[in-house]
Amino acid sequence: MSSFAEEYAALQSELDQVLQNCSRPAEEVKILAVSKTFPAEAIREAYNCGVRCFGENKVQELSEKAEMLPKDIQWHFIGHLQSNKVAKAVQYASWIHSVDSLKLLNKLDRIAGEMNKKPFILLEVNSGEESKSGVSYADLPELAKAAASAENLSFAGLMTMAPLTDDRREWLNAFAKLAAARGELEKMLSIKLPELSMGMSGDFAEAVVCGSTIIRIGSRLFGNRNYNL
């Protein structure tokens, strides 16, 4: 068994236990393997273990890997999306987790229509740290209303990152707040938003307890990153 296979099996076992403890069905939570900065060979190893969903945070890196790797991979773009990279992001990513402004939303909608595509989008919500991107909770309803009416985008839910702290209570508060916001938006817009992308290698258990449906796992599966890449 490869090192990736061992880590993936261990992660799945831990996730299953968390789900059992909070009485959630196993199929409610998907593992997104965050492959940013790792080479195509590492992704291929994960692919050979049965993984099909991978997350990237740079459009150029995403496009290069997508051209090299099997076409049935489902690519998720999870990084800050620059306006001039929207077309390439729509071309390669079937999911975009980081929509955080009306300007970006409108450009995604227009270009997706021009390319005859309909990517799933999540609105990225800032958990309260100025250093991070994301729409504020105050501005979220307006952006969500626009996302729900976009003709060429599938508005699927919300995404956030927990505060940079070791305080587990702060993680739980941030995740619970996003889940509550999702519920309020569903009532306000009379739509179903099935996805909550929250939780990473160090805090996925807390996220799952609070309702996460997509956990973004990188270093736990692939090892430490080389940020010079």
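Scoring rules and cut-offs
Residues numbered from 1 in each chain as written. Predicted model: local features only at pLDDT ≥ 70, side-chain atom pairs only at ≥ 80, totals over all residues. Heavy atoms only, no water. Helix = DSSP H or I, 4+ residues; strand = E, 2+ residues; numbered from the N terminus. Buried < 20%, exposed > 50% of the residue type's maximum accessible area, 1.4 Å probe, protein only. Arc of directions from axis to C-beta. Contact = heavy atoms within 4.5 Å. Pairing = 2+ DSSP bridges. Right-handed = clockwise from strand over helix to strand, strands pointing away. Phe/Tyr/Trp six-rings, centres within 6.5 Å; stacked < 30°, edge-to-face > 60°. Salt bridge = Lys/Arg side-chain N within 4 Å of Asp/Glu carboxyl O.

Asker: Sorry if this is basic, but what is going on with unusual backbone geometry here?
Answerer: A negative phi holds for most residues other than glycine; trans holds for most peptide bonds. Even without being a glycine, threonine 37 presents a positive backbone phi close to 75°. Among the structural elements, threonine 37 can be located in the loop between strand 1 (30–34) and helix 2 (40–48). We classify threonine 37 as buried; its relative accessible area is 14%.

Asker: Explain helix 2 to me, please; I cannot follow it from the model alone.
Answerer: An α-helical turn contains 3.6 residues, so any two residues separated by three or four positions project in the same direction. Of all the residues in helix 2, the buried ones are Ala40, Ala42, Ile43, Ala46 and Tyr47. Around the axis of helix 2, the buried residues are gathered within 160° of arc, so they sit on the same side. Exposed side of helix 2, more than 90 degrees from the buried face: Glu41 and Asn48 are the residues found there. For helix 2, the secondary structure elements touched by its buried residues are helix 1 (3–21), strand 2 (53–56), helix 3 (59–68), strand 3 (74–77) and helix 9 (219–222). A positive phi of about 105° marks glycine 50, the residue just after helix 2.

Asker: Even after reading the chapter, I still don't get the environment of isoleucine 31, so can you show me in this structure?
Answerer: Residue position: isoleucine 31 is located in strand 1. On the basis of relative accessibility, which here comes to 10%, the residue isoleucine 31 falls in the buried class. Each C-alpha atom, one on isoleucine 31 and one on threonine 213, is 8.6 Å from the other, the two residues being 182 residues apart in sequence. If sequence neighbours within four positions are ignored, isoleucine 31 has contacts with Tyr8, Leu11, Gln12, Leu15, Cys53, Ile215, Ile217 and Leu221.

Asker: Would you mind showing me how to read the environment of isoleucine 215 here?
Answerer: Summarising the element assignment, isoleucine 215 is placed in strand 8 (residues 214–217). Residue classification places isoleucine 215 among the buried positions, given a relative accessible area of 0%. With 10 residues separating them along the chain, isoleucine 215 and alanine 205 place their C-alpha atoms 9.2 Å apart. Residues within four places of isoleucine 215 in sequence aside, it is in contact with Leu15, Val29, Lys30, Ile31, Leu32, Met198, Gly199, Phe204 and Val208.

Asker: I tried to follow the pairing of strand 4 (residues 95–99) on my own but got confused; where do I start?
Answerer: Successive side chains on a regular strand alternate, one facing one side of the sheet and the next facing the other. Within strand 4, five of the five residues are buried, which leaves it mostly tucked inside the rest of the structure. Sheet topology places strand 3 next to strand 4; two bridges connect them, and they run parallel. Bridged to phenylalanine 77 within strand 4 is isoleucine 96. Handedness of the β-α-β unit built from strand 3, helix 4 (residues 86–92) and strand 4 comes out right-handed. Direction of pairing for strand 4 relative to strand 5 (residues 120–124): parallel, over a ladder of three bridges. Bridge pairing in strand 5 links valine 99 to leucine 123. At this point the chain moves from strand 4, through helix 5 (residues 102–114), to the parallel strand 5, and the crossover so formed is right-handed.

Asker: Can you help me understand the packing of aromatic side chains in this one?
Answerer: Inspection of every chain in the model, using the stated rule, returns five aromatic pairs. Considering the side-chain rings of phenylalanine 38 and phenylalanine 222, the 5.1 Å spacing of their centres and the 25° angle between planes classify their relative orientation as stacked. Separated by 184 residues along the polypeptide, phenylalanine 38 in the loop between strand 1 and helix 2 and phenylalanine 222 in helix 9 bring together distant segments of the chain. Each member of the pair, phenylalanine 38 as well as phenylalanine 222, carries the same accessibility label: buried. When the centroid spacing of 6.0 Å and the interplanar angle of 45° are considered together, the rings of phenylalanine 54 and tryptophan 75 count as tilted.

Asker: Is there a simple way to think about the pattern of salt bridges in this case?
Answerer: Should their charged atoms come close, side chains of opposite charge can pair. All told, the structure shown has 12 salt bridges when counted by the stated rule. Among the ionic pairs, aspartate 72 bridges to arginine 52, the shortest N-O distance being 3.3 Å. Within this pair, whereas aspartate 72 is found in the loop between helix 3 and strand 3, its partner arginine 52 is found in the loop between helix 2 and strand 2, the two being separated by 20 residues in sequence. Residue classification places aspartate 72 among the partly exposed residues on the basis of a relative accessible area of 45%. The class for arginine 52 is partly exposed, based on a relative accessible area of 30%. The partner of lysine 71 in a salt bridge is glutamate 67, and the shortest N-O contact between them spans 4.0 Å. Taking the relative accessible area as the measure of exposure, glutamate 67 reaches 48% and is therefore partly exposed. A single network of salt bridges, built from pairs that share partners, joins Glu7, Glu14 and Arg220.

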